[in-house]
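Next come the chains, spelled out residue by residue.
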Amino acid sequence: MNILVCIAKAPDTTTKIKFNSEGNSLDGNGVSWIVNPSDEWYALVRALELKEAAGQGKVTIVTVGTAEDDSIIRKALAVGADEAVRINLSPSNATSVAQQIAAWVKGQSYDFILTGKETIDFNGSVVGGLLAAYLDWPYIPLIEKLNVVQGTASMSRDIGGGTEEVEVQGPFVASATKGLAEQRIPNMRGIMAARTKPITVIEPQSFPVTIEYVNFSLPPEKGACKIIDADNMDELVRLLHSEAKAL
Amino acid sequence: MNLFGCCILKLKHFKIFEMNILVYIDLQNGRPRKSSAELLTYAQKLAGEGSVTALILGQSSEDVSGLGVFGAQRILQVSTQELTHFDGLVFGHIISEAAQFTGSQVVLMSFDHSGKAVAPVVAAKLSAGLVAGATGLPQGMQFPVKAFSGKALANVNVLTEKIVVALTPNSIQAEKNGTSVAVESWTPSEIPTSKIKVLSVNKNTTDIPLPEAEKVVSGGRGLKGPENWGLIEDLARELGAATACSRPVSDIGWRPHHEHVGQTGITIRPNLYIAAGISGAIQHLAGVNSSKTIVVINTDAEAPFFKAADYGVVGDAFEVLPKLTQAIKKFKADQA
Ligand SMILES: Cc1cc2nc3c(=O)[nH]c(=O)nc-3n(C[C@H](O)[C@H](O)[C@H](O)COP(=O)(O)OP(=O)(O)OC[C@H]3O[C@@H](n4cnc5c(N)ncnc54)[C@H](O)[C@@H]3O)c2cc1C
Ligand SMILES: Nc1ncnc2c1ncn2[C@@H]1O[C@H](COP(=O)(O)O)[C@@H](O)[C@H]1O
């Protein structure tokens, strides 16, 4: 079993976001970086479990990113991935990320590809779908279960207000969501082993630019919170109706 | 002088801007989703002098000509059996062909479960710039979006001729600005065979899905246990709201996974978000801070959530929730 897992770098979830004075990029001062949660907790761990259950195979991780991201890649290797590929480009949008990964995958032979549900910085949840479209593989978003038996993958996916059980033969792309696996905390051995695992760096291909993120800003601050007496819920309802127009 | 003249020309050109827009209407239990009206209102405003076509894939259980009321000038429907099960690749293929067929520069869909699966396919097929999660109308070619899990705003500048826009639910107030139009049945040249075999579908609710809900009542660890969720559900029922919860609540299994909101759960932006017994950690706020009005009920006056709230009640949820439910009942009776 030869599995590819797409790993993104993300600012730690407690990060207070700031931007540079031009508002065109994140002010990286004081930001600590993590492996994007759903990539690490669900996609990567399920890939490792399937490989372990099969008793053979390989889990490769791929990141579109610069040399600065190697520390994040090492974290994912410490969780247990066998090897890493880094496509040497600072990721600017989902289309470009998916084009780069698709170009790499075309020369390889992965059984399937897992992505996370979404990145917590761009929140597009579209890289997986784009990747599948470029490869012309089926795409199963938001899977909560995944089993592979003799080349047939069976999955349970969240369809919003319910789930769907599906089956796919041949290569596919799926995005991983909560329930697929449990987070694994890397142990010392994993961390040591990760230091010597290979990271293959490949240069990006060139594609026309489709979109660019401009003018980042912080949302306007909330006004002061109005405190309402716990015994006067009629007053709260009145304010929700006449002031907030929420009722 | 010359330069100046050129600018004016450009401005003028901008005024008579027109775009043909194709709107993908997703069916839920055979009916257009609530977001359809928002999408069509958005499309009509964006189109200017251009046309707005609604596209329905699959068989509907009710008359859909009413979509015209929200701005669809033309309604195309592909009602074949093959489209009973959603497959982003298949649906995206047909939508792309419909975009060519209608000469549409913009393809619009909702930024929800199915929109997130078709938008990338359409964008890839049309070599279009993809705006995932627009939150309003663009200025020129710059579309507003959220970034960093709602902790920031950004604009996406689109450089391509064709554009795919997935619109965040509850981003625009639906307006009735047209009349019903006849539904045309349309046959695409090809319907690819799905490679995904659907074995079973289990719907756990017929309610409005959480991301589309206009009102949401949410509970946290302060509610002490799943047996107390009746308090949340009673209030939600009275308001016609969906229910949600904080992450630990779904981790412990008090509530199902799909109710978990926040940075690692679902992102919502309802008109009204009522949070009881939730502290307001930064990861929770990331999923709910775009709600228009936030009400927080917490025993601890220092709970961080109050800083992000519009209205706060310092008190015990076990007492406050029933009182609020009663007050809503009374309000509804007075209105009736
Ligand atoms: C990487 C990462 C990602 C995360 N993602 C998310 C996410 O997506 N969503 C999310 O919600 N969390 C997320 N978290 C967890 C988050 O940090 C908080 O731990 C969590 O939101 C706390 O949940 P809570 O408010 O229900 O519980 P608590 O923090 O335990 O707060 C309970 C609150 O209830 C109040 N209370 C107690 N009794 C009563 C009563 N009788 N009446 C009224 N109030 C009462 C208390 O004063 C307290 O404020 C994440 C954490 C990490 C590290
Ligand atoms: N720069 C990147 N490199 C590798 N994979 C990525 C990158 N960005 C996003 N992904 C993958 O695509 C998923 C969805 O990302 P997004 O569409 O940005 O929400 C993530 O969970 C990752 O698995």
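Our subject is the structure that appears above.
Figured I'd write up the structure that's included with this text. (Residues numbered from 1 in each chain as written. Chains lettered and ligands numbered in written order. Predicted model: local features only at pLDDT ≥ 70, side-chain atom pairs only at ≥ 80, totals over all residues. Heavy atoms only, no water.)

Focus: the sheet that holds strand β13 (residues 215–219) of chain B
Two pairing modes exist for strands in a sheet, parallel and antiparallel, and in both the strands are linked by backbone hydrogen bonds.
(1) Moving on: Taken in spatial order, the 6 strands make up an open sheet running β13(A)-β17(B)-β16(B)-β15(B)-β13(B)-β14(B), and their pairing is parallel. In this open sheet, the two strands that pair with only one neighbour each are β13 (226–227) of chain A together with β14 (242–245) of chain B.
(2) Moving on: Pairing analysis gives 5 bridges linking β13 of chain B to strand β15 (residues 272–276) of chain B, with the strands arranged parallel. Bridge assignment links Val-216 of chain B to a residue of β15 of chain B, and that residue is Tyr-273 of chain B. (Pairing = 2+ DSSP bridges. Helix = DSSP H or I, 4+ residues; strand = E, 2+ residues; numbered from the N terminus.)

Some thoughts on the site of ligand 1
(1) Moving on: Among the 28 residues in the neighbourhood of ligand 1, the closest are listed as Ser-246, Thr-264, Ser-279, Gln-283 and Asn-298 of chain B.
(2) Moving on: Neighbouring residues of ligand 1 are not confined to one chain but are distributed across chains A and B.
(3) Moving on: Here a nitrogen atom of ligand 1 and a side-chain polar atom of Lys-224 of chain B are 2.9 Å apart.
(4) Moving on: Interatomic distance of 3.3 Å between a backbone N/O atom of Thr-299 of chain B and a nitrogen atom of ligand 1.
(5) Moving on: Within the complex, the protein chains bury 78% of what would otherwise be the 980 Å² of accessible surface of ligand 1. (Near = heavy atom within 4 Å. Polar contact = N/O pair within 3.5 Å; in protein donor to acceptor, adjacent residues only side chain to side chain. Areas by Shrake-Rupley, 256 points an atom, 1.4 Å probe, with all protein chains shown as cover.)

Considering the pattern of salt bridges
When the charged atoms of two side chains lie near each other, side chains of opposite charge can form a pair.
Residue and element names in this part refer to chain B.
(1) Moving on: If you walk through the whole model with that rule in mind, you get 28 salt bridges over all chains.
(2) Moving on: Between Glu-212 and Arg-33 there is a salt bridge, and its shortest N-O distance comes to 3.1 Å. Here Glu-212 is found in the loop between β12 (196–203) and β13, whereas its partner Arg-33 is found in the loop between β3 (31–32) and α2 (35–47), with 179 residues between them in sequence.
(3) Moving on: Arg-247 serves as the salt-bridge partner of Asp-251, at 3.3 Å between the closest nitrogen and oxygen. Placement of both Asp-251 and Arg-247 in helix α6 (residues 247–251) is noted, with a separation of 4 residues, approximately one turn of the helix.
(4) Moving on: Here Asp-251 falls in the partly exposed class, since its relative accessible area comes to 44%. (Salt bridge = Lys/Arg side-chain N within 4 Å of Asp/Glu carboxyl O. Buried < 20%, exposed > 50% of the residue type's maximum accessible area, 1.4 Å probe, protein only.)

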